[in-house]
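# Per-entry structural report
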Amino acid sequence: KTPKSTILCTSCHEDKKAAAGDKRVHAPVRKDCLQCHEPHTSANKYLLKKAESGDKEHNLCLQCHTKGLNVPEKGSRHAALDMGCDACHVTHKTGSGKDEFKFHLTKQAPGLCMDCHDVKDKALIEAHKGQPFATADCTTCHDPHQSKSPKLMQAYLHPPFADKTCEVCHDPAVNGKVKLNQPQVAAVCSTCHDDVVKKIATAKVPHPGAQGDCTDCHNPHGGRFPRFLTPNPVAVCENCHTEQAGLLSTKSVTHGPAAVRCSICHEPHGGDRP
């Protein structure tokens, strides 16, 4: 039920009212405006109860989020956190289809990252083994907040990438473009994953979504989830299954596994049953 305070606030702030019932909206926005805002006066912009920067005691966002806190001893922390959460995020922003909206970003990566990181920096170019990275989504390989590993590396990394053996899959870049060492993506993947490539080709009930490039579903370098599914183990399927995507984003009650990983119930590479 919408609190009376939020009903009152949205009588003027109609742009927030339109988003209040959307499950993709930042959770506090759906609950009560007064969780974050003072109704009369404040020392902070937007009448916030606390600023969006500083340590846990002073940062409003860190009342709920723990990003950047308790970084493992051998891990890494993104220095951008010290600029304040609002350097990258917009609290009320919402939409569909892109991480820009899912994570309420000021803009989509890599544009957001390039505001601070110069793609022409020699150290960056060397770190990426001379492979093009200016148009890549940096967050597929790097966690934007903190990591248990150096260089903000994601939780799950594809072994050739983690071992810096780029030559397993790549030839040197040509004219600033990525070049694989095989003519087809599936041929590159079958070097290590021949069993999966054969399953896709011979399944009694094939999955049409698996007939394309492996990189349609898997990031070849790393990600936030096992098997490097991108953007996550549910949304990767929603790219094609738009009807289910609509249900998951609008219905108030969702079957638990359906919100976690589609492959709990379905064979993503094809199987013996419809």
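Remember, it's a predicted structure, so these values are computed and weren't measured experimentally.

Tallying secondary structure elements over the protein chain gives 10 helices and six strands in all. Classification of the 274 residues of the protein chain by burial places 23% in the buried group. Long-range pairs, those at least 24 residues apart, make up 50% of the contacts in the protein chain between residues at least 6 apart in sequence. Once the 35 positive and 30 negative side-chain charges of the protein chain are each reduced to a mean point, those two points are 4 Å apart.

What follows covers unusual backbone geometry. Across the junction of alanine 109 and proline 110, the peptide omega takes the value 10°, indicating a cis bond. Its place among the elements puts proline 110 in the loop between helix H4 (99–102) and helix H5 (111–114). The peptide bond linking threonine 230 to proline 231 adopts the cis configuration, its omega dihedral lying at 5°. Structurally, the position occupied by proline 231 is in the loop between strand S6 (222–223) and helix H9 (235–238). With a phi angle near 60°, tyrosine 46 is a residue other than glycine that sits in the positive phi range. For tyrosine 46, the location among the structural elements is in the loop between helix H3 (27–31) and strand S1 (76–77). For histidine 104, which is not glycine, the phi torsion reads 55° and is therefore positive.

Between its terminal C-alpha atoms helix H8 (residues 185–202) stretches only 18 Å, short of the 26 Å expected from 18 residues at 1.5 Å a residue. Listed in full, the buried residues belonging to H8 are Val185, Val188 and Ile200. Those residues of H8 that are buried are in contact with strand S5 (177–180).

So, about the side chain of glutamine 131. Counting through the fold element by element, glutamine 131 comes out in the loop between helix H6 (122–127) and strand S2 (146–147). Excluding residues within four positions of it along the chain, glutamine 131 makes contact with His170, Asp171, Pro172, Ala173 and Val178.

The subject of this paragraph is the layout of surface pockets. To find the voids left in a structure, one rolls a probe of water-molecule size over its atoms. If you add up the space inside the second largest pocket, you get close to 900 Å³. Cys36, His37, Tyr46, Leu48 and His92 are, among the 37 residues lining the second largest pocket, the residues nearest its centre. Among the elements of the structure, helix H1 (4–9) and H3 are those that each provide at least two residues to the lining of the second largest pocket. With four residues, the single largest contributor to the lining of the second largest pocket is H3.

Attention now moves to the pairing of S5. Pairing of strand S4 (residues 170–174) with S5, which is carried by three bridges, proceeds in the antiparallel orientation. In the strand pairing of S5, aspartate 171 is matched with lysine 179. Between S4 and S5, which pair antiparallel in sequence order, lie two residues; one of them, asparagine 175, sits at a positive phi of approximately 50°.

Okay, the pattern of salt bridges next. For the structure on display, the rule yields five salt bridges. Here lysine 107 and aspartate 115 are joined by a salt bridge, their closest N and O atoms 3.3 Å apart. Residue classification places lysine 107 among the partly exposed positions, given a relative accessible area of 34%. A salt bridge links glutamate 267 to lysine 199, with the nearest nitrogen and oxygen atoms 3.0 Å apart.

The next point concerns the environment of serine 263. Here serine 263 lies in the segment after helix H10 (242–250). Residue class for serine 263 comes out partly exposed when judged on its relative accessible area of 29%. Between the alpha carbons of serine 263 and lysine 251 there is a distance of 21 Å; along the sequence they are 12 residues apart. Within the structure, the side chain of serine 263 is placed 3.0 Å from the side chain of arginine 261, a separation counted as a polar contact.

With that out of the way, let us pick up the environment of proline 159. Mapping proline 159 onto the fold places it in helix H7 (residues 159–162). Among the residues examined, proline 159 registers a relative accessible area of 46% and is labelled partly exposed. Sequence separation between proline 159 and lysine 93 is 66 residues; the distance between their C-alpha atoms is 36 Å.

Here is what the cut-offs are and how they apply
Residues numbered from 1 in each chain as written. Predicted model: local features only at pLDDT ≥ 70, side-chain atom pairs only at ≥ 80, totals over all residues. Heavy atoms only, no water. Helix = DSSP H or I, 4+ residues; strand = E, 2+ residues; numbered from the N terminus. Buried < 20%, exposed > 50% of the residue type's maximum accessible area, 1.4 Å probe, protein only. Contact = heavy atoms within 4.5 Å. Lys, Arg positive; Asp, Glu negative; His and termini not counted. Charge placed at Lys NZ, Arg CZ, Asp CG, Glu CD. Expected span 1.5 Å × (residues − 1). 1 Å grid on protein atoms, 1.4 Å probe; cavity = no way out; pocket = protein on both sides within 12 Å on 5 of 7 lines; lining within 4 Å. Points joined across faces, edges and corners; volume = space filled by probe spheres on them. Pairing = 2+ DSSP bridges. Salt bridge = Lys/Arg side-chain N within 4 Å of Asp/Glu carboxyl O. Polar contact = N/O pair within 3.5 Å; in protein donor to acceptor, adjacent residues only side chain to side chain.

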